[in-house]
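# Results of the structural survey
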Amino acid sequence: MAKKAKKGKDYFGLGRVVSIILAIIPVTAWILGFLTRFKEGKIVAGILRIFFGFNIVWLIDLVLMIVNGRIMRLLNI
């Protein structure tokens, strides 16, 4: 039986392998990164991801997505 994704996982509850594939593609990771933060209600963090989510944040998100299945949470405001 297929294992369901946990509710708290990033990228809209998609499976871990699908999330890692989406995180590898820079543009997709950038878009899904700020959409995920807006979905959580973290407006300031979402806006910062729009402007800074395409550089080093993308690499950090990629590593964290592979290691624990979640993107970086630097700001919780």
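Up top you'll find the structure we're talking about.
Conventions we followed
- Residues numbered from 1 in each chain as written.
- Predicted model: local features only at pLDDT ≥ 70, side-chain atom pairs only at ≥ 80, totals over all residues.
- Heavy atoms only, no water.
- Helix = DSSP H or I, 4+ residues; strand = E, 2+ residues; numbered from the N terminus.
- Buried < 20%, exposed > 50% of the residue type's maximum accessible area, 1.4 Å probe, protein only.
- Core = buried A, V, L, I, M, F, W, Y, C linked by side-chain atoms within 4.5 Å.

The backbone phi angle of phenylalanine 12 is positive, close to 60 degrees, even though this residue is not glycine. In this structure, phenylalanine 12 sits in the segment before α1 (16-24). Judged by its relative accessible area of 41%, phenylalanine 12 falls in the partly exposed class.

Relative to the elements of secondary structure, glycine 41 occurs in the loop between α2 (26-39) and α3 (43-52). Overall, the relative accessible area of 45% leaves glycine 41 in the partly exposed class.

What follows deals with the nonpolar core. Core analysis: the biggest nonpolar cluster contains nine residues, these being Tyr11, Ile20, Ala23, Ala29, Leu32, Trp58, Leu62, Met65 and Ile71. For this core, the secondary structure elements donating two or more residues are α1, α2 and α4 (56-68). If one sorts the elements of this core by residue count, α4 sits on top with three residues.

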